[in-house]
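# Geometric and topological summary
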Amino acid sequence: MSGMGRKEDEVRRMLEASRPQVPAGLAARAAERGARLLRRRRALRRLWLLAAAGAVVAFTVWAVVAEPWQAPPATTTPPLEGW
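Owing to the predicted nature of the structure, the values given are computational and were not obtained by experimental measurement.

## Details of a positive patch on the surface
Taken together, the side chains of R39, R41, R42, R45 and R46 make up a positively charged region of the molecular surface. Checked against the element boundaries, R42 lands in helix 2 (residues 26–66). Residue class for R42 comes out partly exposed when judged on its relative accessible area of 40%.

Below is the structure:
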């Protein structure tokens, strides 16, 4: 018998066997766990968006106060000659 025939026989035996007993309340517990995971993901997504918005606001405030696009003032003056 080939390997494929053995696999087919094993699958047929598994399908003909009685179904395993499922614990009572399994669907309710699975739904509760799924809802909890969804709430956790939603909270983490909101926290991430809040942190990203805070970073954008902080960068904007820093840019307005520091004005990094302007050249810094000269620290020395050129010598005055020819007065």
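## Examining the pattern of salt bridges
Two side chains with opposite charge may pair up if their charged atoms get near one another. Taken as a whole and judged by the stated rule, the model has two salt bridges. Across the salt bridge formed by R12 and E8, the nearest N and O atoms sit 4.0 Å from each other. Placement of the pair is R12 and E8 together in helix 1 (residues 3–16), with a separation of four residues, close to one helical turn. When its relative accessible area of 48% is taken as the criterion, R12 is described as partly exposed. R36 serves as the salt-bridge partner of E32, at 4.0 Å between the closest nitrogen and oxygen.

Calculation criteria
Residues numbered from 1 in each chain as written. Predicted model: local features only at pLDDT ≥ 70, side-chain atom pairs only at ≥ 80, totals over all residues. Heavy atoms only, no water. Patch = residues over 30% accessible without salt bridge, like charges linked within 9 Å, V, L, I, M, F, W, Y side chains within 5 Å. Areas by Shrake-Rupley, 256 points an atom, 1.4 Å probe, with all protein chains shown as cover. Salt bridge = Lys/Arg side-chain N within 4 Å of Asp/Glu carboxyl O. Lys, Arg positive; Asp, Glu negative; His and termini not counted. Charge placed at Lys NZ, Arg CZ, Asp CG, Glu CD. Helix = DSSP H or I, 4+ residues; strand = E, 2+ residues; numbered from the N terminus. Buried < 20%, exposed > 50% of the residue type's maximum accessible area, 1.4 Å probe, protein only.

Function-wise, these values are silent; they only describe arrangement.
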